[in-house]
Amino acid sequence: MPELPEVETVRRGLAPAMEGARIERAEVNRPDLRWPLPERMAERLAGVTVERLRRRSKYILADLDTGESLLIHLGMSGRMMVSGVILGEFHLDHPAPLKHDHVVLYMEGGARVTFNDARRFGAMDLVRTDREAAHWLLSGLGPEPFGNDFHEDYLIEALKRRATPIKSALLDQHVVAGLGNIYVCEVLHRAGIDPRRQAKRISNQRIASLVPIVRDVLSEAIEAGGSSLRDHRQADGELGYFQHSFHVYDREDAPCQHCATPIRRIVQAGRSSFFCPQCQK
């Protein structure tokens, strides 16, 4: 499932085509994705202007001039593709419609934004912007990694009583929003922390050190366009490249780049954890 860098990359790719532009027409080709789509969705989107595109955790929010926001969740295989607009030096022609083009937004100026999702694990909803914090997908989310509320004192307090492994604690979206399996593995390797360590048994100093490392890893991944392991594409159809910078993730038995010890893979809560048994204590 796309993590924060992939979602932020898509948001940035959509912005030139959507921010400040009017949706001339919306085409909704089925009544549901993972969950039912909003009632009269095409009618409610037609003729409205997208004032701003934001990201909250792993969700994209398009603020509309009607006081509503279009919430977009890519799921495991969802893609938001832009065509018919100049991005940099390239003009992206409209492709032929595909079987799994479930929602299509025709923007003023000729751009077309298509939500394609072969497995239909993604979602879209319309929510009142001033009540979005209460939406069932957004309520209870922890602070954003780049926000002012995510700081050393906060993280120390949030983890000091947790008996769960530090890997599981950082994946908890109530603790910090947007982190997923790939980037937690990379963060813990940079911090030299074994993913099996109980969060409450790690010193405050080491917990505090995670905050800038989280931001650095996520920033580097965003600049690389995210990680393309299976389905992720940027809004212009390009792949992300951060997977070429992985230190541990998906590198089982490969030598650690710091000490040459073979990278290990274990399973924690049904997910693969990759780490260096020599560097991470």
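On a predicted model such as this, the values are computed, not experimentally measured, just so you know. (Residues numbered from 1 in each chain as written. Predicted model: local features only at pLDDT ≥ 70, side-chain atom pairs only at ≥ 80, totals over all residues. Heavy atoms only, no water.)

Considerations on the environment of cysteine 259
For cysteine 259, the location among the structural elements is in the loop between helix 6 (204–223) and strand 11 (264–268). A relative accessible area of 31% means that cysteine 259 is categorised as partly exposed. The spacing of cysteine 259 and glutamine 278 is 19 residues in sequence and 7.5 Å in space, taken between C-alpha atoms. Residues contacting cysteine 259, with those up to four places away along its chain left out, are Cys276, Gln278 and Cys279. (Helix = DSSP H or I, 4+ residues; strand = E, 2+ residues; numbered from the N terminus. Buried < 20%, exposed > 50% of the residue type's maximum accessible area, 1.4 Å probe, protein only. Contact = heavy atoms within 4.5 Å.)

Describing the side chain of arginine 55
Summarising the element assignment, arginine 55 is placed in strand 2 (residues 50–56). Looking at arginine 55, the relative accessible area reads 16%, which means it is buried. Polar contacts involving the side chain of arginine 55 include one to the main-chain carbonyl oxygen of serine 57, which spans 3.0 Å. A polar atom in the side chain of arginine 55 sits 2.7 Å from the side chain of glutamate 144. The contact partners of arginine 55, leaving out residues within four places of it in the chain, are Leu4, Val7, Glu8, Arg11, Glu144 and Phe146. (Polar contact = N/O pair within 3.5 Å; in protein donor to acceptor, adjacent residues only side chain to side chain.)

Quick notes on the nonpolar core
In terms of nonpolar packing, the biggest core is built from 39 residues, with Leu155, Leu159, Ile166, Ile207 and Leu210 touching the most fellow members. Contributions of two or more residues to this core are made by helix 3 (152–159), helix 4 (166–171), helix 5 (181–191) and helix 6. Counting residues per element, this core draws most heavily on helix 6, which supplies 10 residues. Judged by nonpolar contacts, the second largest core, of 32 residues, contains Leu14, Ala17, Met18 and Leu126. (Core = buried A, V, L, I, M, F, W, Y, C linked by side-chain atoms within 4.5 Å.)

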